Amino acid sequence: MKKIFLVFLIGCLVVTAAAQTDQRTTDTKVTDILARYPYQNAEENKAFAEQTENLDKEGLAILTGRLQPPGKGDNTAAEYAIMSYTFYIAQKGKDLKRKEAIEVYGKTLENTSLGFTRDFLILQLEIIGNDEAIPYLKSVFEEENLGERAVRAVGRLNTAAANKTLIDALKTTTGRQQLAVIEMLGINGYAPAEKALRKLAVSSNEDIAKTATYALAGIASASSAKSLKKLAKASG
């Protein structure tokens, strides 16, 4: 009987100890992760990425919430921690975590008060992005400072949805953003864009015409070849 009681007592102590292992708030856990920057080696980097993973979506949102606009604070530790986590969940078997991160990064990207710091978030979406990232990136297309960057991030996804988004953006973007749209369609060799690109290749805007011509060459279909021959003849 005494032995049974002793085993029971030890079990209770183990359970109690486990329950008291970490009583920190999520916000405090994020602070502690950032306080340990810079990480000393790959093992430590992985360990803190795993700690970030254990914070779940709420904690990741707190972490991205630590980002500041340029000139308002030092983002070095936060950006390092976020980048480490992004690469960590880019590996196989982390689909759910990538889905959560895309949502968190995307919603943080919507915070326009962050200014050009949002370029860092676009990079994260580019690294782990899929079609779920497109709406967040598309919302930035027409911004002067970040639009081109967002266009290229969508283009690099190179999915049917991404390329369809680029074709639609031909009508809504201007300047460098539109040139980036045209260029990415050519790089992706997206044949459904050929008709729209043929029209742009004869634009009175020299930059648009030249970029569209190169894009048609990138698509390299039989019909685009005919278009390129006509353009060559027309140019003398």
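Residues numbered from 1 in each chain as written. Predicted model: local features only at pLDDT ≥ 70, side-chain atom pairs only at ≥ 80, totals over all residues. Heavy atoms only, no water.

Caption draft 1: Focus on the pattern of salt bridges. In total, this model carries 20 salt bridges according to the counting rule given. Here the salt bridges do not stand alone but share partners, grouping Asp 119, Glu 126, Arg 149 and Arg 156 into one network. (Salt bridge = Lys/Arg side-chain N within 4 Å of Asp/Glu carboxyl O.)

Caption draft 2: Here's a closer look at helix H3 (residues 42-54). Under the 1.5 Å per step criterion, the end-to-end length of H3 is 18 Å for 13 residues, consistent within 8% with the ideal 18 Å. Listing the buried residues of H3 in full gives Glu 44, Asn 45, Phe 48, Ala 49, Thr 52 and Glu 53. Looking at the buried residues of H3, the elements they touch are helix H2 (26-35), helix H4 (56-64), helix H5 (76-89) and helix H6 (95-109). Its side-chain oxygen placed 3.2 Å from the backbone nitrogen of Glu 43, Asn 41 serves as the N-cap of H3. (Helix = DSSP H or I, 4+ residues; strand = E, 2+ residues; numbered from the N terminus. Expected span 1.5 Å × (residues − 1). Buried < 20%, exposed > 50% of the residue type's maximum accessible area, 1.4 Å probe, protein only. Contact = heavy atoms within 4.5 Å. Polar contact = N/O pair within 3.5 Å; in protein donor to acceptor, adjacent residues only side chain to side chain.)

Caption draft 3: Focus on the environment of Leu 67. Counting through the fold element by element, Leu 67 comes out in the loop between H4 and H5. For Leu 67 and Leu 114, which are 47 residues apart along the polypeptide, the C-alpha to C-alpha distance reads 7.6 Å.

Caption draft 4: Seen up close, the side chain of Gln 178. Relative to the assigned elements, Gln 178 resides in helix H11 (residues 175-187). Setting aside residues no more than four positions away along its own chain, Gln 178 makes contact with Leu 170, Thr 173 and Ile 208.

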